[in-house]
Amino acid sequence: MTLTLSSLLAALAGLAAVGGLVVAVAGGVGWAPSTTVRRRSRLERKIRGFFVKDTRTPTSWWARGQVRLAGAVVAGLGVWLFTGWLVGGLLTVAVVTGLPWLLNTSGSGKSQIEKLEAIEEWVRRMSDIHTVGVSLEATIQRSLETVPKAIREDVRLLVSRQQAGWVPEHAYRAFADDLNDAMVDEVAALLILHVTDRGSGLSKALRELAGALQHEVLSRREVEADRQKPRTNDRWVTIFCLGIFGVTAFSGTYVEPYNTVTGQLVLVFVAIAFVLVKVWMRRMAIIEPAPRFLSPADRSGGQKTEETP
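In this text the structure is predicted, and so the values were computed from the model without any measurement.

**Student:** Is there a simple way to explain the overall build of the protein chain in this structure?
**Tutor:** When you go through the protein chain residue by residue, the secondary structure sums to twelve helices and zero strands. What you see in the protein chain, going N to C, is helices and strands ordered as α-α-α-α-α-α-α-α-α-α-α-α. Taking as baseline every contact in the protein chain between residues at least 6 positions apart, the subset at least 24 positions apart corresponds to 69%. In the structure as shown, the protein chain presents an accessible area of about 19300 Å², 62% of it carried by carbon and sulfur atoms.

Now the structure itself:
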């Protein structure tokens, strides 16, 4: 068998296609890290250390932008040289580059739940810290030592605003605006009420509010678990479609109609339709959050103004 340039290019394009399928399957199976902590074997740790630059983070080598872009260019050139489709090569670059968007359908619901759970833990800790004779501002400052990581910067910003002389009500409203959640509005409203009425029942009110937050977190987790099922199906359908595209692109006479200008335009139309369907499915999965009852804070008017002599 004589090694020719055509056969070499065909081999490289085949390797690129197989590599793209492997990446797609890897993204579908292991995109989101499991919340269950388990002990990894020595071999698994070595393999993970090879593919993951920083083992403390779940970002793998193929999920990083620079490596993914380089792989997209190589795969696109392979498809273009083997099939002669310039549009096919460009679409391959777009697909490989957009794999995180195509396969990661979780949205921001999970992160919002984690923040709300952190708020619940923070409120419960403040109820333990706050005692008679200790101001609310001092309680919030002391809570910085044990505040959960998900809202640490938000609470730190709240403390900074208090120390900068912001009006307490405006500082709490700005805190609610930063987290942008109806349940956080309830926390801010309780803190605002305590500013106007320095009663002795703040600790009890914080504990009761923490219980309500815990119930809300459980409810949202149940809803998120139900939404995860169609998202998983959507991810596997995407992988199947990409696999079919990769296989049929190298099937020879079956895809000859795409060699024409009209065929290339049809290919572009199919790709655009596929993206639009993905966008449509994502919008269907979006649940409108509960409306907030606190109006946005006036950031410019929240700061303390110095009195003129």
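**Student:** What exactly am I supposed to notice about the packing of aromatic side chains here?
**Tutor:** Two measures describe an aromatic ring pair: the distance that separates the ring centres and the angle between the ring planes. Within this structure, the stated rule accounts for one aromatic pair. Lying over the aromatic face of Trp166, Arg161 brings its terminal NZ or CZ to 5.2 Å of the ring centre.

**Student:** Would you mind going over helix α11 (residues 202-248) with me for this structure?
**Tutor:** For the α-helix, the turn length of 3.6 residues means that residues three or four positions removed from each other point alike. A rise of 1.5 Å per residue sets the reference length of α11, with its 47 residues, at 69 Å; its end C-alpha atoms lie 66 Å apart and thus fit the reference within 8%. Of all the bends in α11, the greatest reaches close to 25 degrees and is centred on Gln228; the proline Pro230 follows between one and four positions later.

**Student:** How should I be thinking about the nonpolar core in this particular structure?
**Tutor:** Generally speaking, soluble globular proteins have nonpolar side chains that are buried together. One finds Ile119, Trp122 and Ile140 to be the most contacted residues of the largest nonpolar core, which totals 35 residues. Contributions of two or more residues to this core are made by α6 (109-129), α7 (136-143), α8 (152-163), α9 (168-179), α10 (182-196) and α11.

**Student:** How should a nonpolar patch on the surface be read in this particular structure?
**Tutor:** Together, Leu69, Val73, Leu77, Trp80, Leu81, Leu86 and Leu90 make up an exposed nonpolar region whose accessible area comes to about 660 Å². The set of elements that each furnish at least two residues to the nonpolar patch consists of α3 (65-83) and α4 (86-97). Along the polypeptide, Leu81 turns up in helix α3. With a relative accessible area of 52%, Leu81 lands in the exposed category.

**Student:** Looking at this model, I keep getting lost on the packing of α8 against α9. Mind explaining?
**Tutor:** Helix-helix packing is described using two parameters, namely the angle between the two axes and the distance between the axes. At their nearest, the axes of α8 and α9 sit 10 Å apart, and the two run at 160 degrees to each other. Classified by the interaxial angle, the pair formed by α8 and α9 is roughly antiparallel. Judged by the sense of rotation from one axis to the other, the crossing of α8 with α9 is right-handed. Judged by residue contacts, Asp154, Val155, Leu157, Leu158, Arg161 and Gln162 of α8 engage Ala171, Tyr172, Ala174, Phe175, Asp178 and Leu179 from α9. Taken together, the residues that form the contact of α8 with α9 break down as eight nonpolar, one polar and three charged.

Rules behind the numbers
Residues numbered from 1 in each chain as written. Predicted model: local features only at pLDDT ≥ 70, side-chain atom pairs only at ≥ 80, totals over all residues. Heavy atoms only, no water. Helix = DSSP H or I, 4+ residues; strand = E, 2+ residues; numbered from the N terminus. Contact = heavy atoms within 4.5 Å. Areas by Shrake-Rupley, 256 points an atom, 1.4 Å probe, with all protein chains shown as cover. Phe/Tyr/Trp six-rings, centres within 6.5 Å; stacked < 30°, edge-to-face > 60°. Lys NZ or Arg CZ within 6 Å of the ring centre and 35° of its normal. Expected span 1.5 Å × (residues − 1). Bend = angle between axes of the 7 residues up to and from the residue. Core = buried A, V, L, I, M, F, W, Y, C linked by side-chain atoms within 4.5 Å. Buried < 20%, exposed > 50% of the residue type's maximum accessible area, 1.4 Å probe, protein only. Patch = residues over 30% accessible without salt bridge, like charges linked within 9 Å, V, L, I, M, F, W, Y side chains within 5 Å. Salt bridge = Lys/Arg side-chain N within 4 Å of Asp/Glu carboxyl O. Axes fitted to C-alpha atoms, helices over the stretch in contact; angles between N-to-C directions. Parallel < 35°, antiparallel > 145°, perpendicular 65-115°, else oblique. Left-handed = near helix turned anticlockwise from the far one by under 90°. Nonpolar A, V, L, I, M, F, W, Y, C, P; charged D, E, K, R; others polar.

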